[in-house]
Amino acid sequence: MTVFTKQRFPMDWASAQNNLGSTQNNLGSIYQTLGQRTRDASRLEQSAAAFQAARQVYVRRKFPLDWAMSYYNLGNTLQLLGSVTDKPEHYSEAIAAYRHALREYKRETNPRQWALSQAGLGSTLHWLSMSNADPRTLQDSIAARRAALEVLTIETAPVDWANAQNGIGMSLLNLGNIERTGKYLDNAEAAFTATLKVFTRESQPMQWALEQNNLGDIHWNRASYGGGKPEYLKAIAFFENAKQGFTEAGYTIPIPLTDQKIDLVKQQLAKK
């Protein structure tokens with residue numbers, strides 16, 4: 001850049017600028033991966049800074065899709081930063097970033113990036129709802145993920161499809177808990193059950209176990225809303241499945257919590 005000045009070598013200067021933007025974007029992706037794997041907030045902050053620097057080169061007027069990409073990547077980093085730091089303001093910043101990306105990513109012209117941005121937006125709205133307990137935030141999350149499923153099909157993007165289905169189920173379950181109603185349980189159960197077309201016990205035992213746990217929560221909730229003994233028994237069976245799946249996957253962290261759930265369900269069942 002010190003040699004290829006804009007005045008003397010405009011084409012070389014423009015090429016160097018573009019490479020600079022690409023380098024910053026790649027650097028942001030590297031820091032994002034490091035931060036995700038190590039749960040290191042400082043790495044994620046470096047990632048966010050790199051994506052913001054890339055956008056100084058990728059101005060919207062000249063590079064609209066690169067501009068949108070930098071915002072999409074920034075949204076992913078900020079969502080991770082929110083989960084690492086437990087600071088809801090990062091989720092709010094991530095939501096703003098995804099919405100900026102959607103100003104250029106349109107379903108008609110960039111369907112996959114539009115869908116992934118919708119999915120990222122839905123995921124972040126869900127996590128934000130954990131801090132503000134606002135039903136509207138969960139409703140917006142569900143709407144965004146359902147929009148993503150207009151493009152992300154089980155045939156073309158099975159894992160993204162299953163993750164979106166799981167997110168819808170989680171948001172519906174939480175929405176019912178906030179509103180103290182069981183009216184969302186059937187749709188939540190359908191969403192969790194759909195994921196099992198992709199998350200099989202043989203291919204992805206940990207994810208399969210998580211879905212078994214979610215289905216256990218569905219039946220436990222249904223039992224508490226008057227479903228009776230059969231629902232308690234179904235909840236126990238799903239939680240036992242989850243425990244076995246976690247063991248097979250070598251993922252032992254959720255097992256104590258699963259055991260607590262089984263004990264609580266059995267205690268409630270004994271009182272019936």
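For the structure, see preceding data.
Residues numbered from 1 in each chain as written. Predicted model: local features only at pLDDT ≥ 70, side-chain atom pairs only at ≥ 80, totals over all residues. Heavy atoms only, no water.

**Some remarks on the pattern of salt bridges**
As a reminder of what qualifies: Salt bridges, as used here, are contacts in which a Lys or Arg side-chain nitrogen is within 4 Å of a carboxyl oxygen on Asp or Glu. Runs of E in the DSSP output that reach at least two residues are strands. Runs of H or I that reach at least four are helices, and both are numbered from the N terminus. Accessible area is worked out with a 1.4 Å probe on protein chains only. A residue is then buried under 20% of its type maximum, exposed over 50%, and partly exposed in between.
Summed over the entire model, instances satisfying the criterion amount to 9 salt bridges. Taking the shortest distance from any N to any O, the salt bridge between D160 and R112 comes out at 3.2 Å. Remark: R112 occurs in helix 5 (residues 111–132) and D160 occurs in helix 7 (residues 158–179); sequence separation between them is 48 residues. You can call D160 partly exposed: its relative accessible area is 25%. Using a relative accessible area of 43% as the deciding quantity, one classes R112 as partly exposed. Of the charged contacts, one joins D186 and R222 as a salt bridge, the two residues approaching to 2.9 Å between their closest N and O atoms. With D186 in helix 8 (residues 185–195) and R222 in helix 9 (residues 205–227), this pair connects stretches of sequence that are 36 residues apart. In this structure D186 comes out as exposed when scored by relative accessible area, which is 54%. R222 gets classed as buried once you look at its relative accessible area, which sits at 17%. Through salt bridges with shared partners, a single network forms among D186, E189 and R222.

**Some remarks on the layout of surface pockets**
Note the cut-off: Cavities and pockets were defined on a 1 Å grid built from protein atoms only: a cavity is a group of points that admits a 1.4 Å probe but offers it no way out, a pocket is an open group of points flanked by protein on both sides within 12 Å along at least five of seven lines, and a lining residue is one with an atom within 4 Å of any such point. Grid points are joined across faces, edges and corners, and a volume is the space filled by probe spheres set on the points.
As a volume, the largest pocket reaches approximately 1,500 Å³. As for the largest pocket, its lining consists of 38 residues, and the residues nearest its centre are Q79, S123, W127, R145 and N166. Elements supplying a minimum of two residues to the lining of the largest pocket: helix 1 (10–38), helix 3 (64–85), helix 4 (88–101), helix 5, helix 7, helix 9 and helix 11 (255–270). Take the lining of the largest pocket: its biggest share by element is 8 residues, from helix 7.

**Considerations on a nonpolar patch on the surface**
The test is simple: Patches here are clusters of residues that have more than 30% relative accessible area and form no salt bridge, with a 9 Å joining cutoff for like charges and a 5 Å cutoff for nonpolar side chains (Val, Leu, Ile, Met, Phe, Trp, Tyr). Accessible surface is estimated by sampling points in the Shrake-Rupley manner with a 1.4 Å probe; for residues, cover comes only from the protein chains shown.
A contiguous nonpolar patch, built from M206, Y251 and I253 and spanning about 290 Å² of accessible area, is present on the exposed surface. Given the relative accessible area of 35%, M206 is considered partly exposed.

**Quick notes on helix 5**
Operational definition: Here, expected helix span is obtained from the residue count minus one, scaled by 1.5 Å.
When the terminal C-alpha atoms of helix 5 are compared, their 31 Å separation across 22 residues agrees well with the 32 Å that a helix rising 1.5 Å per residue should span. Trailing helix 5 by a residue or two, A133 shows a phi angle of about 50 degrees, which is positive.

**Some words on the packing of helix 5 against helix 7**
The line we're drawing: Axis lines are fitted to C-alpha atoms, over the contacting stretch for helices. Their N-to-C directions set the angle, which ranges from 0 to 180 degrees. Here the word oblique covers every angle except those under 35 degrees (roughly parallel), over 145 (roughly antiparallel) and from 65 to 115 (roughly perpendicular). Should the near helix be turned anticlockwise from the far one by less than a right angle, the crossing is termed left-handed; should it be turned clockwise, right-handed. The contact criterion used throughout is that any non-hydrogen atoms of two residues lie within 4.5 Å. Each residue gets one label: Ala, Val, Leu, Ile, Met, Phe, Trp, Tyr, Cys and Pro are nonpolar, Asp, Glu, Lys and Arg are charged, and the others, such as Gly, are polar.
Viewed as axis vectors pointing N to C, helix 5 and helix 7 meet at an angle of 30 degrees, and their least axial separation amounts to 11 Å. Taken together, helix 5 and helix 7 sit at an angle that is classed as roughly parallel. Where helix 5 crosses over helix 7, the handedness of that crossing is left-handed. Mapping the contact onto sequence places R112, L116, H126 and M130 in helix 5 and D160, M170, S171 and N174 in helix 7. When grouped by side-chain class, the residues that make up the contact of helix 5 with helix 7 number 3 nonpolar, 3 polar and 2 charged.

**So, the packing of helix 3 against helix 4**
To characterise two packed helices, one gives the angle between the axes of the helices and the distance between these axes. Between helix 3 and helix 4, whose axes approach to 8 Å, the crossing angle comes to 165 degrees. The angle between the axes of helix 3 and helix 4 places the two elements in the roughly antiparallel class. The handedness of the crossing between helix 3 and helix 4 is left-handed. Of the residues that constitute the contact of helix 3 with helix 4, the class distribution is 12 nonpolar, 8 polar and 1 charged.

**Structural notes on the packing of aromatic side chains**
Two descriptors summarise a pair of aromatic rings, namely the distance from one centre to the other and the angle between the planes of the rings. Formally: Two rings from Phe, Tyr or Trp (for Trp, the six-membered ring) form a pair when their centres are within 6.5 Å of each other. A pair whose planes differ by under 30 degrees is stacked, one over 60 is edge-to-face, and the rest are tilted. Charge-over-ring placement is defined geometrically: NZ (Lys) or CZ (Arg) within 6 Å of the ring centre, and within 35 degrees of the ring normal.
If you walk through the whole model with that rule in mind, you get 5 aromatic pairs. Here R55 stacks its cationic end above the ring of Y71, 4.0 Å away from the centre of that ring.

**Digging into the nonpolar core**
The line we're drawing: Nonpolar cores are built from buried Ala, Val, Leu, Ile, Met, Phe, Trp, Tyr and Cys residues. Side-chain atoms within 4.5 Å join them into one set.
In terms of nonpolar packing, the biggest core is built from 32 residues, with L74, W114 and L121 touching the most fellow members. Listing elements by their share of this core, those giving two or more residues are helix 2 (41–57), helix 3, helix 4, helix 5 and helix 6 (135–148). Among the elements that make up this core, the one with the highest residue count is helix 3 (8 residues). Listed in part, the 20 residues of the second largest apolar core include L149, W161, L185 and I218.

**What about helix 7?**
With 22 residues, helix 7 ought to run about 32 Å at 1.5 Å a step, and its terminal C-alpha atoms sit 32 Å apart, in line with that. Positive phi appears at R180, one or two residues downstream of helix 7, with a value of about 55 degrees.

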